[in-house]
Every structure is written in structure tokens, then in C-alpha cells.
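Here are the chains, one letter per residue:
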Amino acid sequence: METSKSKLLTPLLAWFLLAMILANIAGQMLYTLLAVYLSELGASVTQVGLVFTLASIVPMALQIFGGWLSDSIGRLKTIAIGATIASFSYIIFPLAPTWHWVLAALCLEYVSHSLGGPSFGAFIADQSSEENRGKVFGISQGIFMVVGIIGPVLGGLLAERYGFRIMLAVAGSIYVLASVLRVAMALRVKEMAALGGDPPSLSSLRSNLGAMLVLLFSGGVLSWIFITDGVRDIAFNLSTNLEPLYISQVGGLSVAQIGVLHSIFSFAMMLIMLPAGWLSDRLGERTPIVAGFALQVGAMGIFLAARQFWAFATYSFLFGIGVGIMAPAYNALMSKVVPEKNRGVAFGLFYTSLGFISLPAPWIGARLWEMFGPRIPFLLTAAAMLVSIFPAWFKFRLPAKTEAKVAGCQGGT
């Protein structure tokens, strides 16, 4: 097990990433232009925000269950179950007669996020040692970002040339292929011996959840990760889902150009991920996290002043560098402060809590757009990134040696 963990990219992790890449190419084709598709189906800006707000209830309700299931039956089996359910949503998307049907399909698609989301980071952590965890997260997430290069461009070109329904049908075919691969992996790979997880039971769920709640509210590093990530999650949800509408309506860019911008963002993330993981292991997690926040603030300033494609492209590249440089550090830091056998529940509880806090944010952002103008949600996002720099620098510090991850969590000051 330790020999396997010492490798940066194991064969199992490579197959895992291939399946994730295929599934998320389809997801990027969908999500990059979903707000525009909803608008074409007759949804107002407020209704677009409402769709994302209501759909967010699904991961909020299921992610803790998904994390617990991941710890109990294995990461790959949990991901396969979610992918099988979500495959049906990709049948509904291209056939939806109104935006209400898109809402229903989106809720079904979010089941995959709910079950697979907690397993993604936990599986990568399981496949690495603590000493090289930042590099493993960096290379894994860097490879994974190819989805953001291919998906948006492919989706934008297909939507512009053949229409949204053809584009969504192609996305659905890719997603189903990924689901078949995930199911095959889950059937062939035996995980329980490696994970050391307990059989599924309500008592194990209560026990794991109770342990994670103690860590989450102990005032240590995990508590401050939760606070800063909560602020960031609220801020992003105010504006992220409205970004394609802003670029289209205010910037005047085409659907294909919006897809290219998303690809530029993902390309920048892919470039920085591996050096970011090395930087996290070398200097500690808080340095790249603070640098990421600062770069995102600068990028948002460019976005708000942009009116031409090159300016939006500059924003996309700089914002991608900002998000990419902090992502491996965030995941590595969190995986170090929770026990290995509880990582699935920890990620599930963490994301559920964040989802609950940020639940109304898409609708609020849409209302702010309509009441005060399209720039306001993005200004608030930039302000939240700026504020987050200070707790990240002063509170994201582990003890000199994290011999016990629980001790590491409680030792942050």
C-alpha cells in the first residue's frame, strides 16, 4: 500500500481520472452554456438564478450520505451509483420543452455530484502519502482540467452550429460512456481492504458524523477552512452562474467565444496545478492559497472593466491561475486534518454545510443584477475574495509535524 502511495500516478488513479475526464467533458459542455440555454427556453434572469438555487438543494441533502457511503462501500462503487442515476438526466436535457424540465434534469444530474464529489478528493488522498499529497493533487487536478479545455469549446461550437439540443445529445453520449467505465471499475476493483471502512449502518453514520462535527467546530484549521470556503462559496454562487449571461449581454460575445473563454480558464489551471502542488508541499498550504485569493481579486477587476474578447480572455487566464494555484493546497490541507477512514464523510459534511450556507446565493445574485445592475454580484464576489486573504494567512497553519491528523486539526491557530 505504501509503495503504491509513493507513486504520483498509480494505474488505478489513471483509470479513475480517465472516467472523470469523460464525465466532466460532458458536464462542461452542459454547464458552460446552461444559463444561455435556460434563457432560450424562456427563463428570465431571476428564474435562471432560481433554477440553480433549487437544484442546489439536492447536493445539500445527499452529500453527507454520499460521503458516508463512500467510506462504507468504497469510493468507486459510490461514484458508479451516482453516475448511473445521473445518466438519465442527460436524456432529459436535450428533450426539455421548457426550463422547468431542465430544472428537473439538473436535480437528477446533481445526484452524481452528491455521491461522487466527496469521493473524488478522498480517493486521490487514499492513493497518496502525506509527504507527496500536494503533488498528487496537483498532477491529478492538472490532468483533470483537460475537461475544461475540451468541453466548453466543443459545447460552444456544437451549440452555435447545430443548436443546443444536438450539443446536449452529444454530451449525453459521452457521459453514458463514462458511466459504463465507472461501473466496470467498481465491479473489478476491491476497495474495502484498502479503505478499512465499516459496513454501512446508521450507527457508523452517526459515529463518523459526530466525529467530523467535533473537528469542524473545534476552532482549529478545519474550522477556518470552513469559514473561508463558506465566504468564497457564497461569493462565487452570487455570480458564477450569471457569468455567461454577463459576457453575452454586457460583453456582446458569441456562444462559441464564451466556450473559448472557459477553455482558457481551464488551460491556465492545468498549467499551474503541478507547480502549485509542489509549492504546497514545499512551502506549506497557506502560501499558494493566499496567492490564489489575491490573483482572483485582480482578475475580477479586469472582468468588470472588460468589453472586448481579449480583455475577457485575460481575465479567464488570470482567474484560472488564481483558482489553480490554491486548489491542490486546499485539498491537501483538508485531507491532512481529518482521519483517513472518515474522509468521505468529512468531504460530504463540508460541502453540505457550504451548500446550505450558499443555497440562496444564485437567486440573490440574480435579484441584485435586476435591481442594481449586472456588475453588483461580481463586485461582491471580488470583495469576498479580498477579505478571505487575511484568515487564510493567519489561520491556515499546521503544527511542524502532523503525526496525527486530528491533532493537526486542533493545533491550528
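Reading the values: the criteria
- Residues numbered from 1 in each chain as written.
- Predicted model: local features only at pLDDT ≥ 70, side-chain atom pairs only at ≥ 80, totals over all residues.
- Heavy atoms only, no water.
- Helix = DSSP H or I, 4+ residues; strand = E, 2+ residues; numbered from the N terminus.
- Buried < 20%, exposed > 50% of the residue type's maximum accessible area, 1.4 Å probe, protein only.
- Contact = heavy atoms within 4.5 Å.
- Areas by Shrake-Rupley, 256 points an atom, 1.4 Å probe, with all protein chains shown as cover.
- Polar contact = N/O pair within 3.5 Å; in protein donor to acceptor, adjacent residues only side chain to side chain.
- Axes fitted to C-alpha atoms, helices over the stretch in contact; angles between N-to-C directions.
- Parallel < 35°, antiparallel > 145°, perpendicular 65-115°, else oblique.
- Nonpolar A, V, L, I, M, F, W, Y, C, P; charged D, E, K, R; others polar.
- Expected span 1.5 Å × (residues − 1).
- Salt bridge = Lys/Arg side-chain N within 4 Å of Asp/Glu carboxyl O.
- Phe/Tyr/Trp six-rings, centres within 6.5 Å; stacked < 30°, edge-to-face > 60°.
- pLDDT = per-residue confidence, 0-100.
- Patch = residues over 30% accessible without salt bridge, like charges linked within 9 Å, V, L, I, M, F, W, Y side chains within 5 Å.

(A) Fine view of the overall build of the protein. Summing up its helical and strand segments, the protein has 22 helices and zero strands in all. In the protein, buried positions account for 58% of the 413 residues. Contacts in the protein between residues far apart in sequence, at least 24 positions, make up 86% of those at least 6 positions apart. Of the roughly 16,000 Å² of accessible surface on the protein, a fraction of 70% belongs to carbon and sulfur atoms.

(B) Just the side chain of Ser316, in detail. Tracing the backbone shows Ser316 in helix 18 (residues 309-336). Take Ser316: its relative accessible area is 5%, and that puts it in the buried class. Only 3.5 Å separates the side chain of Ser316 from the backbone oxygen of Leu261, close enough to count as a polar contact.

(C) Representation of the side chain of Ser263 within the structure. Locating Ser263 in the fold gives a position in helix 16 (residues 255-283). Of note is the side chain of Ser263, whose polar atom sits 3.5 Å from the backbone nitrogen of Val153. Residues in contact with Ser263, not counting those within four places in the same chain, are Gly148, Ile149, Pro152 and Val153.

(D) Quick peek at the packing of helix 10 (residues 146-162) against helix 16. Between helix 10 and helix 16, the least distance of the axes is 7 Å, while the angle of their chain directions is 175°. Comparing the axis directions of helix 10 and helix 16 gives the class roughly antiparallel. Between helix 10, through Val146, Gly148, Ile149, Pro152, Val153, Gly156, Leu157, Ala159 and Glu160, and helix 16, the contact on the second element is made entirely by Val255, Ala256, Gly259, Val260, His262, Ser263, Ser266, Phe267 and Met270. Its residues placed into classes, the contact of helix 10 with helix 16 shows 11 nonpolar, six polar and one charged.

(E) Just helix 17 (residues 286-305), in detail. Its 20 residues place the ends of helix 17 30 Å apart at the C-alpha level, agreeing with the 28 Å of an ideal helix rising 1.5 Å per residue. All of the buried residues in helix 17 are Arg286, Pro288, Ile289, Val290, Gly292, Phe293, Gln296, Ala299, Met300, Phe303 and Leu304. Of the surrounding secondary structure, the elements contacted by the buried residues of helix 17 are helix 14 (221-239), helix 15 (243-249), helix 16, helix 18 and helix 21 (376-395).

(F) Seen up close, the environment of Val183. Inspection of the secondary structure puts Val183 in helix 11 (residues 164-188). Along the sequence, Val183 and Ile81 sit 102 residues apart, while their C-alpha atoms lie 7.8 Å from each other.

(G) Layout of the pattern of salt bridges. Under the defined criterion, the tally for this structure stands at one salt bridge. With its nearest N and O atoms 3.4 Å apart, the salt bridge here joins Glu370 to Arg367. With Glu370 and Arg367 both in helix 20 (residues 361-372) and three residues apart, this pair spans about one turn of that helix. What makes Arg367 partly exposed here is its relative accessible area of 30%.

(H) A look at the environment of Gly230. Its place among the elements puts Gly230 in helix 14. We classify Gly230 as buried; its relative accessible area is 6%.

(I) Just the packing of aromatic side chains, in detail. Throughout the structure, instances matching the rule amount to 13 aromatic pairs. Taking 6.3 Å as the distance between ring centres and 25° as the angle between the ring planes, the aromatic pair formed by Tyr31 and Tyr110 counts as stacked. Of the two residues, Tyr31 is situated in helix 2 (residues 11-31) and Tyr110 in helix 8 (residues 99-126); the sequence distance between them amounts to 79 residues. Judged by its relative accessible area of 24%, Tyr31 falls in the partly exposed class. Geometrically, the ring pair formed by Phe236 and Phe319 is edge-to-face, given 5.8 Å between the ring centres and 85° between the ring planes. Separated by 83 residues along the polypeptide, Phe236 in helix 14 and Phe319 in helix 18 bring together distant segments of the chain. A relative accessible area of 19% places Phe236 in the buried class. According to the relative accessible area criterion, Phe319 is buried, its value standing at 6%.

(J) Just the packing of helix 20 against helix 21, in detail. In contact at an axis separation of 8 Å, helix 20 and helix 21 are set at 125° when each is read in the N-to-C sense. The angle between the axes of helix 20 and helix 21 places the two elements in the oblique class. On helix 21, the residues touching Gly365, Leu368, Trp369 and Phe372 of helix 20 are Ile376, Pro377, Phe378 and Leu380. Considering only residue class, the contact of helix 20 with helix 21 consists of seven nonpolar, one polar and no charged.

(K) Region of interest: the confidence of the model for the protein. Within the protein, residue pLDDT values average 80, and 80% of them lie at 70 or more. The secondary-structure element of the protein with the lowest mean pLDDT is helix 22 (residues 405-410), recorded at 36, while helix 7 (residues 89-95) shows the highest, at 92. Note that residues 192-197 has pLDDT below 50 and, in this model, 10 contacts with residues that lie over four places away or in other chains. Predicted confidence for residues 401-413 stays below pLDDT 50, and this span has 33 contacts to residues more than four positions away or in other chains.

(L) Highlighting the environment of Phe123. Relative to the helices and strands, Phe123 resides in helix 8. On the accessibility criterion, Phe123 (3% relative accessible area) is buried. In this structure, the C-alpha to C-alpha distance between Phe123 and Arg75, residues 48 residues apart in sequence, is 6.3 Å.

(M) Spatial organisation of a nonpolar patch on the surface. A surface patch of nonpolar side chains, amounting to about 350 Å² of accessible area, comprises Phe88, Ile91 and Leu95. If you trace the backbone, Ile91 turns up in helix 7.

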